[in-house]
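An overview of the molecular structure
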Amino acid sequence: LEDRLIRQTRTDVSLKVEPTDQLNAWTVSGRGELHLSILVEELRREGFELQLSRPKVIYREIDGTMCEPFESVQVDTPDEYVGSVIDSLSQRKGEMQNMESTGNGQTRLEFLVPSRGLIGYNNEFMSQTGGYGIMNHTFAAYKPVVKNWNPGRRNGALVSINQGQSTTYSLQSVEQRGELFIGAGVEVYEGMIVGQSSRERDIAVNVTKGKNLTNTRAAGKDHAAAIKTPKTLTLEEAIEFLNDDEYCEVTPESIRLRKKILNTSERQKADKKRNRTK
């Protein structure tokens, strides 16, 4: 894999590969999520298997001050979605530079937003505007780091607590707690992310539990079990979904999300320790 990455840098001048203090791990720097996801897609099609961590911006120290990249964002959206777009970009520490009506029920918004705030925002933006919004962004400048702010995912994850094959019976109860990423008959393992929680915190769930078979029957109880169609994440969506304590597993056959610490009890201890240090 290292040889393949180094070979890629010879033809892609915007790609940078650096070793880390971990065995078989590298820091790969590029022009954004799309650029890196294209590289990863090429690797998986060539038969490589790898894990990806949450994308991070590149900080620089300028005149003794730690700075982060900011981007100029231009949004064209129908008038009825302006409020929700302004609210979401403001929560991501964006500053509005300009707002004007372009006619035909459209409004153009211009923001200056930290690059950190735009990681994972594309899917949220498309949902907010019903697919009618158009967003363009480009690097503007390095500015002092926004302190005491973590722009990570708002919702937690649904995390499997055991290993086995998912069943419709267990997924029926789990889907009430959030949005599923898997259907029935999928092999899962402890620490694997199977959906997005409807709450801010992670929820440990059992998706392999089967229905107890008995000879007792009750009227109205034998209808066919059914669950909602799960959301299938693309590679780019999976990368955008990640938090700092999660990995995206990429293989030629599948794309999976997992916690860095797979064991449920060890992960809960680490979360408590992290919360105490905040």
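It should be noted that the structure appears before, not after, this text.
Cut-offs applied
- Throughout, a residue's number is its position along its own chain's written sequence, starting from 1.
- With the structure being a predicted model, the display of local features is reserved for residues of pLDDT at least 70 and the display and counting of side-chain atom pairs for 80 or more, all residues being used for whole-chain, interface and lining totals.
- Where side-chain values are given, they derive from all heavy atoms of the structure, hydrogens and water being excluded.
- Runs of H or I in DSSP of at least four residues are treated as helices and runs of E of at least two as strands, each being numbered from the N terminus.
- Note on classification: 1.4 Å probe, protein chains only; a residue is buried when its accessible area is under 20% of the maximum for its type, exposed when over 50%, partly exposed between these limits.
- Whether two residues are in contact is decided by their heavy atoms, any of which lying within 4.5 Å being enough.
- Where accessible areas are quoted, they stem from the Shrake-Rupley method and a 1.4 Å probe; at the residue level, only the protein chains shown are allowed to cover.
- A fitted line through C-alpha atoms represents every axis, and for helices the fit uses only the stretch in contact; the resulting angles, taken between N-to-C directions, go from 0 to 180 degrees.
- Should an angle fall under 35 degrees it is taken as roughly parallel, and over 145 as roughly antiparallel, whereas 65 to 115 is taken as roughly perpendicular and any remaining angle as oblique.
- Left-handed describes a crossing whose near helix is turned anticlockwise from the far helix through less than a right angle; right-handed describes the clockwise counterpart.
- Residues are grouped as follows: Ala, Val, Leu, Ile, Met, Phe, Trp, Tyr, Cys and Pro are nonpolar; Asp, Glu, Lys and Arg are charged; every other residue, Gly included, is polar.
- When a carboxyl oxygen of Asp or Glu is within 4 Å of a side-chain nitrogen of Lys or Arg, the pair counts as a salt bridge.
- The directions considered for the arc run from the helix axis to the C-beta atoms.

Each helix and strand in the protein chain was counted, giving eight helices and 16 strands. Considering the protein chain as a whole, with its 278 residues, one finds that 37% of them fall into the buried category. Long-range pairs, those at least 24 residues apart, make up 68% of the contacts in the protein chain between residues at least 6 apart in sequence. Accessible surface computed for the protein chain: about 16800 Å², of which carbon and sulfur atoms make up 46%.

For the rest of this paragraph, the subject is the packing of helix H1 (residues 2-9) against helix H2 (residues 33-45). Look at H1 against H2: their axes get within 12 Å of each other, and the N-to-C directions meet at 135°. With respect to each other, H1 and H2 are oriented oblique. In the packing of H1 onto H2, the handedness of the crossing is right-handed. Along its contact with H1, which presents Arg4, Leu5 and Gln8, the element H2 presents Leu39, Glu42 and Leu43. Residue classes in the contact of H1 with H2 are distributed as three nonpolar, one polar and two charged.

So, about the pattern of salt bridges. One pass over the full model with this rule turns up 15 salt bridges. The salt bridge partner of Arg54 is Asp244, with a shortest N-O separation of 3.7 Å. In this pair, Arg54 is assigned in the loop between strand S3 (50-52) and strand S4 (60-62) and Asp244 in the loop between helix H7 (235-241) and strand S15 (246-250), connecting sequence segments 190 residues apart. Of the residues examined, Arg54 reaches a relative accessible area of 11% and is grouped as buried. In this structure, Arg108 engages Asp76 in a salt bridge whose closest nitrogen and oxygen atoms are separated by 2.8 Å.

A few words on helix H3 (residues 82-91). Residues of H3 that are buried include every one of Val82, Val85, Ser88 and Leu89, and no others. Projected down its long axis, H3 carries its buried residues within an arc of 140°, all on one side. Buried positions along H3 lie against strand S5 (65-78), strand S6 (95-103), strand S7 (106-114), helix H4 (115-118) and helix H5 (121-128). Count one or two residues on from H3 and you reach Lys93, which has phi positive near 65°.

Moving on, we get to unusual backbone geometry. In this structure, Lys93 takes a positive phi of about 65° despite not being glycine. Tracing the backbone through its elements, the reader meets Lys93 in the loop between H3 and S6. Looking at Lys93, the relative accessible area reads 38%, which means it is partly exposed. Although it is not a glycine, Asn148 adopts a positive phi angle of roughly 55°. Within the secondary structure layout, Asn148 lies in the loop between strand S8 (134-144) and strand S9 (157-160).

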